[in-house]
Amino acid sequence: MKSNTANIITIDGTSSSGKSTISKLLAEKLNYSLLDSGKLYRAAGYINSQNKDASNDINNLINLISKISLQVDEESFEFEIYYHNKKIDHLLYSEDVGKFASVVSKIPEVRKCMLTLQHSCVKEPGLIANGRDMGSEVFPNASLKIYITASIEIRARRRFNELNEKGENVDYENIYESLKKRDDSDMRRKISPLKVPDNAEIIDTSYLKPDAIVDKILNLYTIT
Ligand code: DC
């Protein structure tokens, strides 16, 4: 049975495995709010990229990061990221910001700040939270935990198409290599590594369409 605590579905997995698409569809179907925790780490990475000297002084970096806040968009129910009260979501999706995010996400003090922000997102009727450690560290008592992945070739192709559509000049081989490095770094880091959370359901999205994956998750949700 679902726990009596707030309804939370966590969706963890590798980069470009489809977490964001699936989470959005699920949030729409269930009328739940949506937290994409990768966006929070991207925001920290973005702030670091704009203040490169800050990373040499953790207190300084934390001070800058503490100016991040979250607000739910009234239409999409997605938590959006504000920095000094200005929305910055549109600045967070370049490869460069992704690289900075991967570095700052290994800093324990940064993760501690993010934990508080993430916990503040729980609200009725429920929350879909996606990332790397949602089921293992942030919401270990979630009602349902999903771990999704897909082959690295398919993920690299998805990421390549996504950036191409945004007009970024990208090279498939570079994307492939950078995904490989990111997987490695996410899985091997000492703090909150990407892993299959206890009691998680594993879904390989390589050959499944988003709607089929969502149906699968909704089915699991109704029987838990
Ligand atoms: O999912 P993404 O590519 O937007 O994530 C950006 C970076 O943030 C990635 O390097 C992994 C890190 N991250 C994390 O450490 N913990 C999370 N819960 C989510 C993302």
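Residues numbered from 1 in each chain as written. Predicted model: local features only at pLDDT ≥ 70, side-chain atom pairs only at ≥ 80, totals over all residues. Heavy atoms only, no water.

Draft legend 1. Spotlight on the sheet that holds strand β1 (residues 7-13). The strand order across the open sheet built from five strands is β2-β6-β1-β7-β8, with neighbouring strands paired in parallel fashion. In this open sheet, the two strands that pair with only one neighbour each are β2 (33-36) and β8 (201-204). Put simply, the sheet's adjacent strands are angled 20° from each other on average, direction ignored. Here strand β7 (residues 144-149) runs beside β8; their pairing, made up of four bridges, is parallel. Pairing of I146 across the sheet is with E201, part of β8. Contacts from helix α1 (residues 19-30) reach β1, β2, β6 (126-131) and β7 within the one sheet, and its direction differs from that of β6 by about 180°. (Pairing = 2+ DSSP bridges. Helix = DSSP H or I, 4+ residues; strand = E, 2+ residues; numbered from the N terminus. Axes fitted to C-alpha atoms, helices over the stretch in contact; angles between N-to-C directions. Contact = heavy atoms within 4.5 Å.)

Draft legend 2. Quick peek at the sheet that holds strand β5 (residues 86-87). Across the sheet, which stays open at both edges, the three strands sit in the order β3-β4-β5 with antiparallel pairing between neighbours. Since the sheet does not close on itself, it has two edges, and those belong to β3 (68-72) and β5, each with one partner. Judged from the five bridges that link them, β3 and strand β4 (residues 79-83) form a sheet pairing that is antiparallel. From the neighbouring strand, Q71 faces β4, where its bridge partner is E80.

Draft legend 3. The arrangement of the layout of surface pockets in detail. Put simply, the largest pocket is a space of about 1100 Å³. Around the largest pocket, the lining comprises 48 residues; the ones closest to its centre are S16, S20, D36, R42 and Y93. Among the elements of the structure, α1, β2, α2 (37-50), α4 (95-104), β6, α7 (152-165), α8 (172-188) and α9 (210-223) are those that each provide at least two residues to the lining of the largest pocket. Ranked by residues supplied to the lining of the largest pocket, first place goes to α1 with six residues. For the lining of the largest pocket, the residue count by class is eleven nonpolar, 17 polar and 20 charged. Taken together, G98, K99, S102, V103, K106, N174, E177, S178, K181, R182 and S185 make up the lining of the second largest pocket. In terms of residue count, α8 provides more of the lining of the second largest pocket than any other element does, six residues in total. Among the residues forming the lining of the second largest pocket, the class breakdown is one nonpolar, five polar and five charged. (1 Å grid on protein atoms, 1.4 Å probe; cavity = no way out; pocket = protein on both sides within 12 Å on 5 of 7 lines; lining within 4 Å. Points joined across faces, edges and corners; volume = space filled by probe spheres on them. Nonpolar A, V, L, I, M, F, W, Y, C, P; charged D, E, K, R; others polar.)

Draft legend 4. Representation of the site of the ligand within the structure. Looking at the ligand, there are 15 residues lining it, with R42, R111, R132, D133 and R189 nearest. Between the ligand and R42 there is a distance of 2.7 Å, counted from an oxygen atom to a side-chain nitrogen or oxygen. Contact between the ligand and D133: a nitrogen atom at 2.9 Å from a side-chain N or O atom of the residue. Contact with the protein chains covers 94% of the free accessible surface of the ligand, which is 450 Å². More than half of the atoms belonging to the ligand lie within 2 Å of the grid points that define the largest pocket. (Near = heavy atom within 4 Å. Polar contact = N/O pair within 3.5 Å; in protein donor to acceptor, adjacent residues only side chain to side chain. Areas by Shrake-Rupley, 256 points an atom, 1.4 Å probe, with all protein chains shown as cover. Sits in = over half its atoms within 2 Å of the grid points.)

So far we have only geometry, and geometry alone does not tell us how the molecule works.
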